[in-house]
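What follows is the residue order along each chain.
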Amino acid sequence: MTLAASVPDTWIGTLMAAVRRSPAIRAVDAAREEEAVAIACGATLSGGCGAVLIQNAGLFNCGGVLAGLVNLYRIPCFFIVSYRGDRRDPVYYHEPKGRVTEPTLAAWRLPFAIADRAADLEGQVVCGVEAAARSGGPFVLLITGEDLA
Amino acid sequence: MTARKPLLEALVSMLAPDDVVVSCLGANSRYLPHLAVPVPVFALCDSMGAAIPLALGMALQRPDRHVVALEGDGSLLMCPNVLATVAACRPPNLTALLWVNGHYESSGGQSLPAAPLDWPAVGRGLGIAHVARVGDVAGLRAAFPKARAARKPALLVLDVAFDPAEPIPPYSERPDQIRARFQIA
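In this text the structure is predicted, and so the values were computed from the model without any measurement.

### Quick word on the pairing of strand E6 (residues 138–143) of chain A
Residues and elements named next belong to chain A.
At step 1: Burial analysis of E6 places 6 of its 6 residues in the buried class, which makes it a mostly covered element.
At step 2: Along E6, one buried face is formed by Pro138, Val140 and Leu142 and the opposite face, lined by Phe139, Leu141 and Ile143, is buried too.
At step 3: As judged from the 3 bridges shared by strand E5 (residues 112–114) and E6, these two strands associate in the parallel manner. Counterpart to Ile114 in the pairing with E6 is Leu142.

Next up, the structure:
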């Protein structure tokens, strides 16, 4: 991965703090999630490997750019998405987002996996990046706050 | 007000070998295949607002290339926030040309919301370091080299005539062809 474009939430902010310490990855703070997707695609189209780190609410903003850029031009694009509102999320107001996250991913035909914190997280990221590269499209790794503990 | 095609032709004539062009959907993307552009072009056909962030990702990934983004005012009005993202990244190798005609040309020529938009002020207000307004071909010929030489994120605001009868050519390339042909050495 050479570039990570992000709009943070609490969990993604923690992850991006680690990304910023990497000398190999350019961290880009985007103002809006659709931008982050296009920025990552631009890096990939020009010889790098871009990734997108956003909250699930932000992923919901990205239907247009997923259809009209990532899928239309078959650009590999790996996402790490915080799964707010799942059963492990302690914050009550995220619950509506949690209810629709997996149905939305399914409806948008976005390949995804839910990170297993008991297994090798680094390996799951590598698998996701490789899956996006193989398919020439998006792949979403859903994470919870616990995954970052 | 100047028509689109002479401005595009002037831009193409000024492109340097290390340039890369990202074009917004619509008329620009439809014209470019007919203008013998001498540099890599990534032409969008269905993603409003993606040209500048796509160009930003390229500019950050390839600091050895100068990336020229062509964006429409309708598209940028959907996501002007991207200018703040560009300003924060401070790429010295990104020039955005904003084609302002006050209409959603590709979707049937509807008017943008009738607000007195001051795009240079928007650009400056969101932190773009080099902003200039261009009203004709001579202005573009003067402004584009300055934007490139500024070595700062640049926004050129082009006032373009809206002509509903303009014979814009149809799309001549499919996305898979555009993607396959787009290679930056």
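### Some details on helix H1 (residues 4–14) of chain B
All names here are of chain B.
At step 1: Among the residues making up H1, those that are buried are Arg4, Leu7, Leu8 and Leu11. Looking down the long axis of H1, one finds its buried residues gathered within 100° of arc, a one-sided arrangement. Across H1 from its buried face, at more than 90 degrees, point the exposed residues Pro6 and Ser13.
At step 2: On the buried face of H1, the contacting elements are helix H2 (27–31), strand E4 (94–100), helix H7 (137–150) and strand E8 (154–159).

### Observations concerning helix H2 (residues 33–45) of chain A
Residues and elements named next belong to chain A.
At step 1: Between its first and last C-alpha, H2 extends 18 Å over 13 residues, near the 18 Å set by a 1.5 Å rise per residue.
At step 2: For H2, a buried count of 13 out of 13 residues is recorded, marking the element as mostly surrounded by other parts of the structure.
At step 3: Following H2 by one or two positions, Gly47 adopts a phi angle in the positive range, close to 105°.

### Comments concerning the environment of A:Thr14
All names here are of chain A.
At step 1: Mapped onto the secondary structure, Thr14 falls in helix H1 (residues 10–20).
At step 2: The partly exposed category is assigned to Thr14, around which 14 C-beta atoms lie within 10 Å.
At step 3: Separated by 131 residues in sequence, Thr14 and Gly145 place their C-alpha atoms 9.1 Å apart.

### A few points about the sheet that holds strand E1 (residues 3–6) of chain A
Residue and element names in this part refer to chain A.
At step 1: Sheet architecture is open: 6 strands sit in the order E2-E1-E3-E4-E6-E5, paired in parallel fashion. The open sheet has two edge strands, strand E2 (26–29) and E5, and neither has a second partner. Recorded for the sheet is a direction-independent mean angle of 20° between the axes of neighbouring strands.
At step 2: Running at roughly 165° to strand E3 (residues 50–55), H2 makes contact with E1, E2, E3 and strand E4 (77–82) of the sheet.

Cut-off values and rules
- Residues numbered from 1 in each chain as written.
- Chains lettered and ligands numbered in written order.
- Predicted model: local features only at pLDDT ≥ 70, side-chain atom pairs only at ≥ 80, totals over all residues.
- Buried ≥ 20, exposed ≤ 12 C-beta atoms within 10 Å, placed from the backbone.
- Helix = DSSP H or I, 4+ residues; strand = E, 2+ residues; numbered from the N terminus.
- Pairing = 2+ DSSP bridges.
- Arc of directions from axis to C-beta.
- Contact = placed C-beta atoms within 7 Å.
- Expected span 1.5 Å × (residues − 1).
- Axes fitted to C-alpha atoms, helices over the stretch in contact; angles between N-to-C directions.

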